[in-house]
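Descriptive analysis of the structure
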Amino acid sequence: MTDSRDTILEIRDLCISYFTRAGEIPAVIDFSLDLRAGESVGLVGESGCGKSTVAMAIMQYMGSNGGIVGGSIKFKGRDLGELGDEELRRLRGKEISMVYQEPMAALNPSLTIGRQLMEVPLTHENVSEDEARQRAIAMLSDVRLPDPERVMDAYPHQISGGQQQRVVIAMALLSNPSLLLLDEPTTALDVTVEAGIVELVADLSRKYGTALLYISHNLGLILETCDRVCVMYSGEVVEEGTIDSLFTWPKHPYTHGLFGCIPLPHADKNAAPLVPIRGQLPLPHERPDGCNFGPRCDYFQDGACAPANVAIQTVTGTGDNEHRVRCNRWADIDHKAAIPQGIVKPPMDVGETVLEVDGMKKYYEVHDRSIGAMLSGESVKYVKANEALDFAAKRGETLAIVGESGCGKSTFAKVLMGLETVTEGAVRLDGKEIGNEEVQSRSPEQLGSLQMVFQNPNDTLNPSHTIGGQIMRVIRKFGVANTKAEARDIMLRLLDTVKLPRDFALRRPRQLSGGQKQRIGIARAFAGNPSMVIADEPVSALDVSVAAAVTELLMDIQREHKTTLLFISHDLSVVRYLSDRIVVMYLGQIMEAGTTDDVFSPPYHPYTEALLSAVPIADPEVEKRHIVLEGALPSVLNPPKGCPFVTRCPRKLGAICENERPAVQKDGDGHAIACHISLDELRKIEPVIKVPERQAAE
Amino acid sequence: MTDISAPAPSAGSALLRALKSFALLRESGVAMVGAGLVGFWILVAIFAPLVSPFDPLATLQPLAKPGADYVKGGGTFLLGTDLLGRDILSRIIWGSRTVLIYAPLATLCAYTVGIIMGLAAGYYRGWIDDVLSRLSDIILSFPVLVLYVIIIATFGASGLNIVLAITFASAPGVMRIVRGLVLDLRNRDYVAAAQTRGESSWYIMLVEILPNARGPLIVDACLRLGYVIITIGVLGFLGLGLPPPDPDWGGMINEYRGMAMSFPHMIVFPCIAISSLILGFNLLADGLREISLRD
Amino acid sequence: MLIFIAKRIGAMILTMLVVSIVLFLMLEFSPGNVATKVLGPYSSEEQRQLWLEQNGYLEPLYVRYFSWLGNFAVGDFGDSIRFKVPVSEVLWPRLGNTAILGAATFAVMIPLSLVLGVLAGMKEGAKRDRIISTTSILTTSVPEFASAVFFSLLFVFYLGWLPGTSSMVDGFAFKELILPVLVLVVYDFGYVARMTRASMAEVMTSHYIRTAILKGLPYKQVILRHALRNALIAPFTVIMLQINWLLSGVIVVEFFFAYKGFGALLLEASLNQDIFVIEACAMVALFVAVASQTLADIGYTYLNPRIRFS
């Protein structure tokens, strides 16, 4: 094999622009990167920073309106920009291959997986159909797909999302390329499935000696997969270095700021709250003079940072002589000194019980209209979206419901909001039964006292109406204001509360950024002075730096209004940061419930344990046990008979797990685990995450 | 509905928005040509009494060739006259009124019915959807023109019957489009937000959903107007159109068909007139679609 | 799959039954009118009563409907008022002629529109796409009667190449078929071509085409194996539905060119209130339309693996 020091990919001063009707928009500016054989480099940044554009430029696939306007990309010494179509074609899929963000979209829906895999060796190597088939099957077992023969004959839609991504990875590796580009390969997948893919990629690149360029917005994932990392901001690399050096001594204020925005294990909503980066990501055509991060930077100095552009420079003193940063003041800034948090937020007083959920069940009927089902009399099946939920929430408390897709958390939110009614059991808000009360039959006060913040910022506001109009409609609807002028007044004050300028009232949603739309969504939810707000993944679609600000805002308003917050999420790090108590759900059932400390330390439910291990943590000092779950999430239509987690549980006892529903075991006050394994056994399990004392005490 | 608009709504801002959407139109050459053709015919129809050189019904001078002079009264028959001596140009000009009244009217009726049906089917789903969808499937399964011929033959040819027949045959198509859009839009979070604040179903359908479906609906309306004009023309051509003597393009073609080989001018110009108007709507639709996809 | 086909055919029969009821009610609801139509406006009241009695029109409505339906099922459509012969004797030869016209139209139109649509959709926005797209908008904007006029003037009046009518009095003549087919093709190919183009263009921007290109497949293989297979699913349905449209189109064209087909028959019958011919024609049209739609549904399911295996 080649010397491990051989440079495979050499990018120098790459500039890429998109040409639109508004003119030339630079997407990537002065990008340089070296990638050696067998090395893995992470490219991290928020949306619009140009990271995916770099990958597409390496592939020389820019679309009709994009173009490389400067610099060079050399692959094994050959300038890719100078290759002809035919030479390029031979390179693609053979020497450089790619794994995409959405596996379902990346596979052709009307060709069998086998055909799509076999094409690779058939095109690039002179092999027979038989040999291509053998190679494809071998590769499918290499990506740990069960029953490769069956997968070969399947169509993409017949396998799960995680399996599809394994197929895409198999396809990329079939010709044993020297460079593999991964563009957010796990963003569309559930956390536990993501963990499996990440482990697979790391193992395979080691096995085949493939160099990786791993593109992600998630610093934690980069930490787990890469040797070096490049941080991009607004089209430029702002900092690069080895994982160790960059994660321990981030020098650029942006990089440092990013770490302040991520809910790492030592963050705490009261004692050590997140420190959001102020402002918004600049749009490509609105970049400032000088340092692009200038307007959002606390260390900005006119003269030093602007108006001249900032060059990238090497950092000394970290032991990594390739640690570079695009900041003129990096040597002056002492990030450690700046850390003593300005803000310590007072903890909330928890009051009386606001929400009681008592044996609540929600089943959906699914009509199977096939003749076979009608003959056997089983034409109606039940989807058990929620099975016997029991818990309560108190005033001012933050209760989190955690789970992956299909766990029933959204169904529960719908029942609370009155969009669905319970099948069995009761849901009481402020002592009043609402489980069977549809939204139309609730009073304006009831409606106003229970509101929701939605997940998708682009969906949460009606694009056809103005912001002010939409908020005023809510105010009028809840009977908070009697006159139009009064409603207008309240609306303007709500805009102040969510820290948006008042003239936003006249704007339409399309003129707002994602974070701003979520703020309006929060303003709307709090318009009727709610006693409880349900937040359904309110920040999961936002960029890290924006998400932190929105999270903090949400909690500030909650504090002010003494509102109970029901926070629905799949992300355990956010949940650990902001919630007081946690309910872990899987396939419609509660696996574990308790205070945040209870849930994050043994005894764990085996599912909680796996979930904790699956969440990437962007802190090299945190030690984590690796638990990778086998298989995919079962379908809600056809859940296992016994414990719902039995099909993937690494601690499965045996037949009892398959056949019997586990009883709920109580461990002290309020901590409950539904598992057949005894609490004593579960207590013996090592903690999944070990946070070093130094940071924990901070 | 007034209180959902901007805090300080003004006629000026509405006008500004209308101007902006027109400016958008200018970005597509295709759309501009289409708008030009349609605009031309609309102006002709509005100012028919001013621009028409002769009375379209008056018998003046039989079988004059295009460009021939009106011997008795002065003036020129730019496009000639017909067997009865009526001026072709004037008949085409007045005929634009007929088509530009009945086609939009029929389309509007079809849209009103189709939108209500589509909103209900897509929003309520369940049995309402089953019944409405099945019904529209049945109507749509029938070849359109066969349907028109039978309806008109049974109930007689009149303006009202033509509008009713077109509404009956087109509303299910509109319903399908609206239903598809609603099925998508009803899952948006802003609809859930409206539901959770206790808005009525029709408020949600009309205020929250319908405005966001307008893009595809406007494009479809332009295309459908084109089809309706063809339909009205075809019915006239088959002798099932508006009763004479009012000028109607399809009817003119039917009337002069027998003489097409001897006097092509009588029949060519109405054909060009109707084709250009349809082309206008089709180009407009295509341009609008292109613009809407661009953003 | 078999269950699906059975269901579709069931739905098809149901549709036909529902429409037949509506049709029956529309045309025969008032027996007095039927008698007037059959015997003519100058018949006396007694004559009409007698006719009604003889032909079973005094039975209750549902009895009449079922006997009408029963007769229909065995091919007895009643007698034509105008031709004074059983409807079936008039109908079948006319239907045969229309089938020839339709088959010829499809044989030209389908390959033409598919090829043009694919060529245009391969590179959206390119010069080739613009030319094809604009042409297809232009041709669909000219109604059949107008293009019939234009083509007749050109080929019959000025050039004298083709006959102006297609009544085929001296037996089948290929030359007389050309103009009707031309008119139908010109009006309709644009629609199918645009649908194909849209489908192809959508496929070409899909992620799996990007995957195929970045796998290093030759462009030809990307188009033939990856793109066409998906891009032609939607046009298949469109083409099947064109059979439905053709039944409308032939009315105009057959009327214009005096072609002795099904469309002309329906029109004549409608204008002459030839009630039993109308009923027969409508039911035949409905059958063809519904059957082609059912075939389209089944074919679509078969072509699309995402539906086939679920």
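The following paragraphs examine the structure supplied in this document. Nothing here was measured: the structure is a model prediction, and the numbers come from that model.

Rules behind the numbers
Residues numbered from 1 in each chain as written. Chains lettered and ligands numbered in written order. Predicted model: local features only at pLDDT ≥ 70, side-chain atom pairs only at ≥ 80, totals over all residues. Heavy atoms only, no water. Helix = DSSP H or I, 4+ residues; strand = E, 2+ residues; numbered from the N terminus. Buried < 20%, exposed > 50% of the residue type's maximum accessible area, 1.4 Å probe, protein only. Areas by Shrake-Rupley, 256 points an atom, 1.4 Å probe, with all protein chains shown as cover. Lys, Arg positive; Asp, Glu negative; His and termini not counted. Charge placed at Lys NZ, Arg CZ, Asp CG, Glu CD. Salt bridge = Lys/Arg side-chain N within 4 Å of Asp/Glu carboxyl O. Contact = heavy atoms within 4.5 Å. Buried area = accessible area lost by both parts, 1.4 Å probe. Polar contact = N/O pair within 3.5 Å; in protein donor to acceptor, adjacent residues only side chain to side chain. Nonpolar A, V, L, I, M, F, W, Y, C, P; charged D, E, K, R; others polar. Pairing = 2+ DSSP bridges. Axes fitted to C-alpha atoms, helices over the stretch in contact; angles between N-to-C directions.

This part is about the overall build of chain B. Scanning chain B for helices and strands turns up 12 helices and two strands. The order of α-helices and β-strands along chain B, N terminus first, is α-α-α-β-β-α-α-α-α-α-α-α-α-α. Seen through its principal axes, chain B has C-alpha atoms that stretch 75 × 45 × 30 Å. Burial status across chain B gives 56% buried among its 295 residues. Here chain B displays about 12,200 Å² of accessible surface, and carbon together with sulfur accounts for 69% of that area. Computed over 20 positive and 20 negative side-chain charges, the separation of the two mean positions in chain B equals 2 Å.

Overall, the coordinates contain 60 salt bridges over all chains when judged by the stated rule. Across the salt bridge formed by A:Glu125 and A:Arg135, the nearest N and O atoms sit 3.1 Å from each other. Placement of the pair is A:Glu125 in the loop between helix 4 (113-124) and helix 5 (129-142) and A:Arg135 in helix 5, with a sequence separation of 10 residues. The class of A:Glu125 is partly exposed, set by a relative accessible area of 22%. Several salt bridges converge on common partners, so that one network encompasses A:Arg473, A:Lys477, B:Arg197, B:Glu199 and B:Glu208.

On to the interface of chain C and chain B, then. With 43 residues of chain C at the contact, the number on the chain B side is 40 residues. Three residues stand out in chain C for area buried against chain B, namely C:Met26, C:Phe145 and C:Phe255, and they jointly supply 16% of the buried area on that side. There are four residue pairs in polar contact (both at pLDDT 80 or more) connecting chain C and chain B. Broken down by secondary-structure element, the contributors of at least two residues to the side of chain C that touches chain B are helix 1 (2-28), helix 6 (127-140), helix 7 (144-158), helix 8 (174-204), helix 11 (233-257), helix 12 (262-271) and helix 13 (275-303) of chain C. With eight residues, helix 7 of chain C is the largest single contributor of residues to the side of chain C that touches chain B. For the side of chain C that touches chain B, the residue count by class is 33 nonpolar, nine polar and one charged.

Moving on, we get to the sheet that holds strand 18 (residues 450-453) of chain A. All names here are of chain A. What the eight strands build is an open sheet, ordered 18-19-20-15-21-22-25-24; its pairing is mixed. In the strand order of this sheet, the two ends are held by strand 18 and strand 24 (664-667), each with one partner. Averaged over all pairs of adjacent strands, the angle between their axes in this sheet comes to 20°, without regard to strand direction. Looking at chain direction, strand 24 and strand 25 (residues 671-674) are connected through four bridges and run antiparallel. Paired with Val664 across the bridge in strand 25 is Ala674. Lying on the sheet, helix 19 (residues 514-525) is in contact with strand 18 and strand 19 (532-536); it crosses strand 18 at an angle near 175°. Of the strands in this sheet, strand 15 (398-402), strand 21 (581-586) and strand 22 (589-595) are in contact with helix 23 (residues 606-614), which crosses strand 21 at around 100°.

Below, the discussion takes up unusual backbone geometry. Most peptide bonds take the trans form, and the phi angle of most residues other than glycine is negative. Residue and element names in this part refer to chain A. Along the chain, Pro602 connects to Pro603 via a cis peptide bond; the corresponding omega equals 0°. Here Pro603 lies in the loop between helix 22 (596-600) and helix 23. Located in the positive-phi region is Glu184, a residue other than glycine, with phi close to 45°. One can find Glu184 in the loop between strand 7 (179-183) and helix 8 (191-208). Of note in this structure, Asn529 is not a glycine but carries a positive phi near 45°. If you trace the backbone, Asn529 turns up in the loop between helix 19 and strand 19.

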